Amino acid sequence: MAACSQITSMEAKTSRDHLKVHKMKKKVLRKQVRAQHTLMRHEGIECISHATQNLVIANAGLGNGMSRNQLLRIVEEYGEVETLLMPPNKPYSFVKYETTEEAKKAFDTLNGKEVTLEDCGQNVVLYINFVEKVSLQNAVPTSLPPGLTVIEKIISPEEERRMLENIEWTGDEDTQSAQKNLKHRRVKHFGYEFRYDNNNVDKDKPLPGGLPEICNLFLEKCLKQGYIKHKPDQLTVNQYEPGQGIPPHIDTHSAFEDEIISLSLGAEIVMDFKHPDGHTVAILLPRCSLLVMTGESRYLWTHGITPRKYDIIQASELGQKVGTITADVGDITLNRRETRTSFTFRKVRRNPCNCIYSSVCDSQKGQQRLVQPSFPHNEMEASKLEQEYVHKVYEEIATHFSSTRHSPWPRIVEFLRSLPTGSIVADIGCGNGKYLGISEDLYMVGCDRSKNLVDICGEKHFQAFVCDALSVAIRSGSCDACISIAVIHHFSTAERRLATIRELARLLRPGGMALIYVWAMEQEYKNQKSKYLKEKNGSKGKEKEINTGTTQRLLTDQVPGSSSQDSACSDQLINDLKDEGCDARPVGADSKLPVHTNRTSFQSQDLLVPWHLKGGTKKKEESVDTVLVPADSKESQEVSPVFHRYYHVFCEGELEAVCRSLDCVRVQKSYYDQGNWCVILEKL
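These notes cover the structure that comes with them. (Residues numbered from 1 in each chain as written. Predicted model: local features only at pLDDT ≥ 70, side-chain atom pairs only at ≥ 80, totals over all residues. Heavy atoms only, no water.)

Side note on the pattern of salt bridges
Next up, step 1: Scanning the model with the defined rule gives 22 salt bridges in all.
Next up, step 2: The partner of Arg 349 in a salt bridge is Glu 257, with the nearest N and O atoms 3.4 Å apart. With Arg 349 in the loop between strand 23 (340–346) and helix 7 (379–403) and Glu 257 in the loop between strand 14 (246–249) and strand 15 (260–265), the pair connects residues that are 92 residues apart, well separated along the chain.
Next up, step 3: Assessed through its relative accessible area of 6%, Arg 349 is described here as buried.
Next up, step 4: Using a relative accessible area of 29% as the deciding quantity, one classes Glu 257 as partly exposed.
Next up, step 5: Its salt-bridge partner being Arg 496, residue Glu 386 comes within 2.6 Å of it at the nearest N-O pair. Here the residue Glu 386 occupies a position in helix 7, and Arg 496 occupies one in helix 10 (residues 494–507), the gap between them amounting to 110 residues. One exposure class covers both Glu 386 and Arg 496, and it is buried.
Next up, step 6: Connected through salt bridges with shared partners, the residues Glu 158, Arg 161, Arg 162 and Glu 165 form a single ionic network. (Salt bridge = Lys/Arg side-chain N within 4 Å of Asp/Glu carboxyl O. Helix = DSSP H or I, 4+ residues; strand = E, 2+ residues; numbered from the N terminus. Buried < 20%, exposed > 50% of the residue type's maximum accessible area, 1.4 Å probe, protein only.)

Topic: the packing of aromatic side chains
Next up, step 1: In the structure shown here, the tally under the stated rule is 16 aromatic pairs.
Next up, step 2: Between the aromatic rings of Tyr 92 and Phe 94, the centroid separation amounts to 5.7 Å while the plane-to-plane angle is 80 degrees, which identifies the pairing as edge-to-face. With respect to class, Tyr 92 is no different from Phe 94; both count as buried.
Next up, step 3: Ring geometry for Trp 519 and Phe 602: centres 4.9 Å apart, planes at 85 degrees, overall edge-to-face. Of the two residues, Trp 519 is situated in strand 28 (residues 508–519) and Phe 602 in the loop between helix 13 (572–575) and strand 31 (606–612); the sequence distance between them amounts to 83 residues.
Next up, step 4: Trp 519 gets classed as buried once you look at its relative accessible area, which sits at 10%.
Next up, step 5: Every member of this aromatic cluster is reached through a ring pair, and the members are Trp 519, Tyr 532, Phe 602 and Tyr 647.
Next up, step 6: Directly above the aromatic system of Phe 194 lies the positively charged group of Arg 346, at a separation of 6.0 Å from the ring centroid. (Phe/Tyr/Trp six-rings, centres within 6.5 Å; stacked < 30°, edge-to-face > 60°. Lys NZ or Arg CZ within 6 Å of the ring centre and 35° of its normal.)

A word on the sheet that holds strand 2 (residues 54–58)
Next up, step 1: The five strands are arranged 1-7-2-4-3 in an open sheet whose pairing can be described as antiparallel. Single-partner strands in this sheet number two, and they are strand 1 (47–48) and strand 3 (81–85).
Next up, step 2: Strand contacts of helix 2 (residues 68–76): strand 2, strand 3 and strand 4 (92–97), with the helix running at about 145 degrees to strand 3, the strand carrying the most contacts. (Pairing = 2+ DSSP bridges. Contact = heavy atoms within 4.5 Å. Axes fitted to C-alpha atoms, helices over the stretch in contact; angles between N-to-C directions.)

Looking at helix 8 (residues 410–417)
Next up, step 1: Taken residue by residue, helix 8 has Ile 412, Val 413, Phe 415 and Leu 416 as its buried positions. Buried residues of helix 8 fall within an arc of 160 degrees about the axis and therefore sit on the same side. In helix 8, the exposed positions angled more than 90 degrees off the buried face are occupied by Pro 410, Glu 414 and Arg 417.
Next up, step 2: In the core, the buried residues of helix 8 are packed alongside strand 24 (424–428), strand 25 (443–448), strand 27 (479–485), strand 28 and strand 35 (676–683). (Arc of directions from axis to C-beta.)

Observations concerning the nonpolar core
Next up, step 1: The biggest cluster of nonpolar side chains holds 34 residues, and the ones touching the most others in it are Ile 428, Cys 482, Ile 501, Ile 516, Leu 655, Cys 659 and Leu 681.
Next up, step 2: Elements represented by at least two residues in this core include exactly strand 24, strand 27, helix 10, strand 28, helix 14 (654–660), strand 34 (665–672) and strand 35.
Next up, step 3: If one sorts the elements of this core by residue count, helix 10 sits on top with five residues.
Next up, step 4: The residues touching Leu 655, leaving out its near neighbours within four places in the chain, are Ile 501, Ile 516, Val 518, Phe 650, Trp 677, Cys 678 and Val 679.
Next up, step 5: Counting 29 residues, the second largest nonpolar core, distinct from the first, contains Tyr 78, Met 86, Phe 107 and Leu 334. (Core = buried A, V, L, I, M, F, W, Y, C linked by side-chain atoms within 4.5 Å.)

Some points on the packing of helix 4 (residues 157–166) against helix 5 (residues 213–224)
Next up, step 1: The N-to-C vectors of helix 4 and helix 5 enclose an angle of 140 degrees; their axes lie 10 Å apart at closest approach. When the interaxial angle is binned, helix 4 and helix 5 end up oblique. For the pair helix 4 and helix 5, contact is made by Glu 159, Arg 162, Met 163 and Asn 166 and by Ile 214, Cys 215, Phe 218 and Lys 221, respectively.
Next up, step 2: Partitioning the contact of helix 4 with helix 5 into residue classes produces four nonpolar, one polar and three charged. (Parallel < 35°, antiparallel > 145°, perpendicular 65-115°, else oblique. Nonpolar A, V, L, I, M, F, W, Y, C, P; charged D, E, K, R; others polar.)

Overview of the sheet that holds strand 24
Next up, step 1: Overall, mixed pairing links the seven strands, which are arranged 26-25-24-27-28-35-34 in an open sheet. This sheet does not close on itself; its edge strands, each paired only once, are strand 26 (464–466) and strand 34. Neighbour to neighbour, the strand axes of the sheet diverge by 15 degrees on average, direction disregarded.
Next up, step 2: Strand direction decides the pairing type here: strand 25 and strand 26, joined by three bridges, are parallel. Looking at the pairing, Asp 448 lines up with Val 466 of strand 26.
Next up, step 3: The strands that helix 9 (residues 451–459) touches are strand 25 and strand 26; relative to strand 26, the one it contacts most, it runs at about 165 degrees.

Structure follows, in structure tokens:
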């Protein structure tokens, strides 16, 4: 009897074990399929069901902390590895085996296997799928920014030790030596204190003691060997722990002379440089190396250190060779950061800066005036206006603009979530992609005229490409739905606005839907002020009103008083709207476009709207203004660049009328939503 009971108990345990294994296999399969969908949707990587030599391994990428050495050891257990590709900042990798049998063995064994990441101790589960081929396009090698030099092994390990020991870090902030404990680093100043509250130095208040003697000896050595031309008189010592960094910045022009040098001690680091056009270069600064910035690299490019615990570097170099870091997916790996101390030497400037980079020079702010454009008379002038006052501006302000555009509008979300599962949706003018990830049930692709905004979409792992809304590189009739949010009002003629709506219709299949939002002339509708007007006195750091007396006098003098024609509504279709109560102040055909005062009601349908840039550095363009005050006044050093964007704001009924002029669509619905006129179209 006891034996029977024992057998029954063993059978029950075996059954439970089988059930546990079955559940585990189902879970792994479910996760494996989810990985397939994620790779296809966000990365365009198609997984296949039959066995090949090639595998994609999810949760085993540089982006989630897997090093090349660890992954190589894991996959080499199952056969000869021909290729291992690890894309930068991605949570997956590709491996190609010598034979299909070896790949299948790895597929069967590693799927669902939990491994511990060596560098951080975190556990991850690997999910593996077959792919047809392993090939990724590598980035083109980039050169150093002009005027930048890195000198390796400029001091010996013994000199490095003595310099580090010479800096005494106290537990608390030290007023006498200007020690500060900042958010992402510790900092100490010698010679002169750099003031982070005004990004400048007090040239009349030198710190006692000057530079440490060991630093003076180092600078004499650099002068003698020709690495620098002038002896600095200011030193900032920064100490970074792993995970710390410094935001992208340009050292204040009015504070320091051209030559800025920085000595890296204790550990190597990757420093990121960015040109105003969006071009970025990551540069490895080895331990005991000297970075020298002059000319363009000092005055125009931002430089910074991204706060993180690992850097992506060339695996073959592993920190032994200075140079730019390229996205060679077959030769990059993670490098754990260690405590690094930088000695940055500068020479305090005694006269205003007169560099050639006036648009980013605080000494020269206030010396430029906005050249106000006229209303376009033809297609060529319209294209030029949009290039200068739309396309170039959004390239310049992309990062700041994106930081203010993070909350999707509820009625747009409602439209997207009402679409059938599996719908193909194009977001034309997607900006930073805030609508591209709204629903996992949709296949969404975005496009925008701004490369920098498209790059931000890529950083979020969204599918987006650069193109003009007048000519979208998507096959006709291939979309179930399209959205165009705050785009069409940037086109400067009625014909071009109509053409963009016609292009949206071209993309739709019969029965497909399009949602369009444009800025409304009527910012107060049915006795309710829009959010735009309500935020006039508290805009939460977004678009700020620029309101100097000089600016207002200049602009109001140039706004025409009255006219019987509004050139933006010149065609008969739009002229008919004037009888419906649109109170726009007309812009004469030969008049300058007026500049709008932010957070106020619109006085004209065609106008320039200011964008007050926060942070960053920008190129000199016709669309850039600085505050119109004397260059040597206090105000001229406190105001950031102001960019101007062209808008045509729509009167009630105007968008609907334009859409109805197309015989290939019908207006299914039109409505007003927080200062915007909106329509939903259906393709006939």
